[in-house]
Amino acid sequence: MSGRVLVGVKRVIDYAVKIRVKPDNTGVVTDGVKHSMNPFCEIAVEEAVKLKEKKLIKEVVAVSCGPQQSQETIRTALAMGADRGIHVDVSGKDYENLGPLQVSKILAALAKQEDAQLILLGKQAIDDDCNQTGQMTAALLDWPQGTFASEVSLEGDKINLVREIDGGLEHIKINTPAVITADLRLNTPRYATLPNIMKAKKKKIATVKPADLGVDVTSRLEVLKVEEPPQRQAGMKVETVEDLVVKLKEAGRV
Amino acid sequence: YIFLLLFVFQSFKQLSRPWGACQAGWRSTSSRSVPDVASHHPAEVVSSFPPLQTYTEEEGMMREAVKKYAQERIAPLVSQMDENSQMDKEVIKSLFEQGLMGIEIDPEYGGTGSSFFTSILVIEELAKVDPSVAVLCDIQNTLINTLFVKLGTPAQKEKYLNRLSTDMIGSFCLSEAESGSDAFALKTRAEKHKDYYVINGSKMWISNAEHAGVFLVMANVDLSAGYRGITCFIVDRDTEGLEIGKKENKLGLRASSTCPLNFDNVKVPEKNILGEIGHGYKYAIGMLNEGRIGIAAQMLGLAQGCFDHTVPYTRQRVQFGKRIFDFQGMQHQIAHVATQIEAARLLTYNAARLKEAGRTFIKEACMAKYFSAEVATLTTSKCIEWMGGVGFTKDYPIEKYYRDCKIGTIYEGTTNIQLSTMAKFIDKEYNV
C-alpha cells in the first residue's frame, strides 16, 4: 500500500458572493469575482491531513483541474498540510465545458499513475451542485465508494464509514482502495496559518495536461441557457380548506 | 542632535503604546521575490513598475488567511471585549496559533519567517475588524520581536524568541507619569551591584501589561549622564518587586490593556541587559520609525473597516423614495473619504516598501502615520453621520471605530511631532 491519498480541490466562486447571470444568458459572471476553494473540498483536505497526522497514511496529494488560477486553490491545500500538488491544466472553452465525467476520468487516470490508496473529494461543488464526480470516479476505477461521509476511520486495509442519508445515519465498511466524499459534518477545516503558508511555498505543484493522461475532455453536454430563478410571486390567503382545494385545482396543481 | 531628540518628544503624550527600539534604517532580513501582478487578473501585462497594490503570492495568501480568521474568530467577540475592556484569552491564543505574533521571526525560533510588508498587511486586516487586536499584534511584531532579533545575544534569543512566537506577549516600558514626550527625562533608575542591577521607579501607559510575560524596561543606570545612561533591561513577569497596576479605563482601544507598573527593588542580572549600556536612547529613536508604519497600517485598516460597514447601509437605507447613497451630497462626501483612504493606503504601502528596500523612509513613515491617523478621524466621524441615528448606538460597530481612532493622532508621535519631524527633513533637502 502506497499510503498515498489524492484529494480533489475545486476552485469555485466564493460562497458569499452574490451570483449574477451574464446578459447573454450563457453562464454566470466570473470575471473579477472572488473565488475560493469549494467548502466541501476544504473538508476533504482537512480529513486527509488529519489521517496523515495520525500516521495512517503517508502522503497527501492535492489535485485541481482548471486554468492557471487553480494553482491558488492547490496552494491553499498545501498551506493546510497537503504534501504536493498536481495541476491538470484545462482552460478556455474546455474549462467552461468541464464537468464531473471528464474530471472523474482525469482522477481515475491520476489514481492509477500515483498508485493512490484513497481518493477524498467533497460531496459536491457549490457552483454546479452535481454530486457526481466521486461516484463516477469510483465506478471508472471499479473501487468501493463511501459518499456523504460524516465519520471516517481506517481499520487495517478496510475503512469504517458513517454516511448521512435521508433516513438517518448508515454505517458501512468498505475495502481499500476506495473513493470517499466528504459531507458537512465530517470535520471543521483548519485555517491556513501564516507559518504553513510560508512552508507551502516550498512544496511542489506539477502541471499536466488531460491529453498526457489519455483523457479526452470533450463534453457530452451543451449548456443551452442560464437564467435567474423566477421572481418569487406573492402568495394568497384562503379562508377554508374547500377554498384551498378550489384554488389548487384552478392553478392546475391538483 | 540632543535638541532634535527633545523636540521630537516635546508634545508626545504616550497613552497606550510603549516604546520599543530598533536601529534606524534596519533592513528587513527576509527575502522577497519581485511582486507579481495580483493573481486574479492574469491577463494584465506584468510591468517593471507595478502599482503599489501589488502583492507577492505569499503576501496575498497571508492577507486572505488573516481576513478569514479575523472575520470568523475575532469579529464575534469585538463588542464584548470593548464593553468589558478585556481581550479574550481565546483571541490571544489563536493569534499565536495562526503565527501572527512572530511574523518576521525565523522559523528556527518558531516564527513565521515572513517579511515586514506582510506584518503591515496583517495589521491592516486585523484593524479592519478590531484595532485593539491589531495594536497587540503590532507591538509584538514591530517593537518587541524586532528588539530581540536585532539586539539579543544568542542566549537571550534562545530564551525568548521561541516564547515570543508561540505563547508569550511582551511589553515595552518607557513612559512615566512625569515623562511622556520628554521620554529621556525618565526617572526609573537601575543601580549596579556586582553582577546585577536593582531597579526602582514606576512606569505608566504600558500596553499589553495585563498579559505580558516579559517586560523590556528602560531605566537609567547613571542619572548624572542624562539620556546617555538609559539602558534596556529584560524583566520577567514573575520577578520579585515588579507590580502591575490596575488597567486604565479608556475611551477607545479598550480591549488593549494599558497599566501602570511599579518597580520596588527589582533585581535584574547583568545578562538581562538588551543591547549596550547607555544606548537605550538610540534604540528608542530607531524604534519609532518602523513602529510608525505599523500604526499607519492600523489606522488605515480602522478607516477601511468602518467605511466597509457604512457604505452598504447607505445603499440600503431609503428616504424620500431613493437610497441615501443616491443623493449627490452624500455621493460627494463618500467619494471624498474614499479618496483619502486610498491616499493613506498608498503612503503606508510605499513607506513599508521603502523600508524593505533599505532606502531612507523616515519622512515617508511620518507622512504615512500622520495622514492615516487624520484620515481615520475624518472617516469615522463621517461614517457616524451617514449612518444617522443608528451610527450613534452601540448596536452598530461604527461608534467603536470613532472612539478607537482618536489615539492614532496621539500615540507613537503626535500629529504635531510628525509634522515637525517632516519639516526638519524638508529643510535639509533644500540645503544643497
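None of the values given here were measured: they were computed from a predicted structure. (Residues numbered from 1 in each chain as written. Chains lettered and ligands numbered in written order. Predicted model: local features only at pLDDT ≥ 70, side-chain atom pairs only at ≥ 80, totals over all residues. Heavy atoms only, no water.)

*Asks:* Sorry if this is basic, but what is going on with the domain arrangement of chain B here?
*Replies:* It is common to give the size of an interface as the accessible area lost on bringing the parts into contact. All names here are of chain B. What the domain assignment lists for chain B is domain 1 (57-168), domain 2 (172-277) and domain 3 (281-430). Computed over C-alpha atoms, the centres of domain 1 and domain 2 are 23 Å apart. Between domain 1 and domain 2, the residue contacts involve 22 residues of the former and 21 residues of the latter. Of the roughly 2,000 Å² buried between domain 1 and domain 2 on both sides combined, carbon and sulfur atoms contribute 60%. When the buried surface of domain 1 facing domain 2 is broken down by residue, Ser-85, Gln-156 and Tyr-160 rank first, second and third, together holding 24% of it. Inspection of the domain 1/domain 2 interface yields one salt bridge. At the boundary of domain 1 and domain 2, one finds eight residue pairs in polar contact (both at pLDDT 80 or more). Looking at the side of domain 1 that touches domain 2, the elements that each hand over two or more residues are helix H3 (78-84), helix H6 (131-151) and helix H7 (154-166). When residues of the side of domain 1 that touches domain 2 are assigned to their parent elements, the largest contribution, nine residues, is made by H6. (Domains from an automatic or database assignment. Contact = heavy atoms within 4.5 Å. Buried area = accessible area lost by both parts, 1.4 Å probe. Salt bridge = Lys/Arg side-chain N within 4 Å of Asp/Glu carboxyl O. Polar contact = N/O pair within 3.5 Å; in protein donor to acceptor, adjacent residues only side chain to side chain. Helix = DSSP H or I, 4+ residues; strand = E, 2+ residues; numbered from the N terminus.)

*Asks:* Just checking my understanding: could you explain the pairing of strand E4 (residues 59-66) of chain A for this structure?
*Replies:* It is a general feature of regular strands that their side chains alternate between the two faces of the sheet. Residue and element names in this part refer to chain A. Of all eight residues in E4, eight are buried; the element is thus mostly enclosed. Where strand E1 (residues 4-8) lies against E4, five bridges are found, and the strand directions are parallel. Counted as the bridge partner of Leu-6 is Val-61 from E4. Where E4 meets strand E5 (residues 84-89), six bridges bridge the pair, whose relative direction is parallel. Bridge pairing in E5 links Val-61 to Arg-84. One crossover worth recording links E4 to the parallel E5 by way of helix H2 (residues 70-80), and it is right-handed. (Buried < 20%, exposed > 50% of the residue type's maximum accessible area, 1.4 Å probe, protein only. Pairing = 2+ DSSP bridges. Right-handed = clockwise from strand over helix to strand, strands pointing away.)

*Asks:* Would you mind going over the UniProt feature "domain: Electron transfer flavoprotein alpha/beta-subunit N-terminal" (unreviewed entry) in chain A with me for this structure?
*Replies:* UniProt marks residues 25-217 of chain A with the feature "domain: Electron transfer flavoprotein alpha/beta-subunit N-terminal" (unreviewed entry), using the numbering shown here. Helix makes up 32% of residues 25-217 of chain A and strand 30%, with an end-to-end C-alpha separation of 23 Å. (UniProt positions renumbered as here; feature names shortened; annotations may be inferred.)

*Asks:* Sorry, what's going on with the side chain of A:Gln124 here?
*Replies:* Residues and elements named next belong to chain A. Mapped onto the secondary structure, Gln-124 falls in the loop between strand E6 (118-122) and helix H5 (133-141). In terms of polar contacts, Gln-124 uses its side chain to reach the side chain of Asp-129, at 3.1 Å. Those residues in contact with Gln-124 that lie beyond four places of it in its chain are Asn-38, Phe-40, Asp-129 and Asn-131.

*Asks:* Looking at this structure, I do not really get unusual backbone geometry. What am I missing?
*Replies:* All names here are of chain A. Pro-177 follows Thr-176 through a cis peptide bond whose omega is 0°. Note that Pro-177 resides in the loop between strand E9 (168-175) and strand E10 (178-182). The phi torsion at Asp-129 lies on the positive side, around 55°, for a residue other than glycine. The topology assignment puts Asp-129 in the loop between E6 and H5.

*Asks:* I'm lost on the environment of A:Asp14 in this one. Help?
*Replies:* Residues and elements named next belong to chain A. Structurally, the position occupied by Asp-14 is in the loop between strand E2 (11-13) and strand E3 (35-37). Assessed through its relative accessible area of 10%, Asp-14 is described here as buried. Through-space distance from the C-alpha of Asp-14 to that of Asp-127 is 9.2 Å; in sequence the pair is 113 residues apart. Within the structure, the side chain of Asp-14 is placed 3.0 Å from the backbone nitrogen of Ala-16, a separation counted as a polar contact.

*Asks:* Could you clarify how one ought to interpret the pattern of salt bridges in this entry?
*Replies:* As a working rule, side chains carrying opposite charge can pair if their charged atoms are close by. Overall, the coordinates contain 43 salt bridges over all chains when judged by the stated rule. Here A:Asp89 and A:Lys209 are joined by a salt bridge, their closest N and O atoms 3.2 Å apart. Of this pair, A:Asp89 sits in strand E5 while A:Lys209 is found in the loop between strand E11 (205-208) and helix H7 (241-250), placing the two residues 120 residues apart along the sequence. Residue class for A:Lys209 comes out partly exposed when judged on its relative accessible area of 43%. For B:Glu97, the salt bridge identified is with B:Lys93, shortest N-O distance 3.6 Å. Separated by four residues within a single helix, B:Glu97 and B:Lys93 lie in helix H4 (residues 89-97), roughly one turn from each other. According to the relative accessible area criterion, B:Glu97 is partly exposed, its value standing at 44%. Put simply, B:Arg63, B:Glu124, B:Glu125, B:Lys128 and B:Arg345 are held in one network by salt bridges that share partners.

*Asks:* How should the packing of aromatic side chains be read in this particular structure?
*Replies:* Think of a pair of aromatic rings as described by two things: how far the centres are apart, and how the planes are tilted against each other in angle. Residues and elements named next belong to chain B. Throughout the structure, instances matching the rule amount to 11 aromatic pairs over all chains. Note on Phe-184 and Tyr-281: the rings are 6.2 Å apart at their centroids and 85° apart in plane angle, and the pair reads as edge-to-face. Of the two residues, Phe-184 sits in the loop between strand E1 (169-173) and strand E2 (189-193) while Tyr-281 sits in helix H8 (residues 280-316), which places them 97 residues apart along the sequence. Using a relative accessible area of 9% as the deciding quantity, one classes Phe-184 as buried. On the basis of an interplanar angle of 75° and a centroid distance of 6.4 Å, the ring pair of Phe-320 and Phe-327 is categorised as edge-to-face. We classify Phe-320 as exposed; its relative accessible area is 78%. The exposure class assigned to Phe-327 is partly exposed, which follows from its relative accessible area of 26%. (Phe/Tyr/Trp six-rings, centres within 6.5 Å; stacked < 30°, edge-to-face > 60°.)

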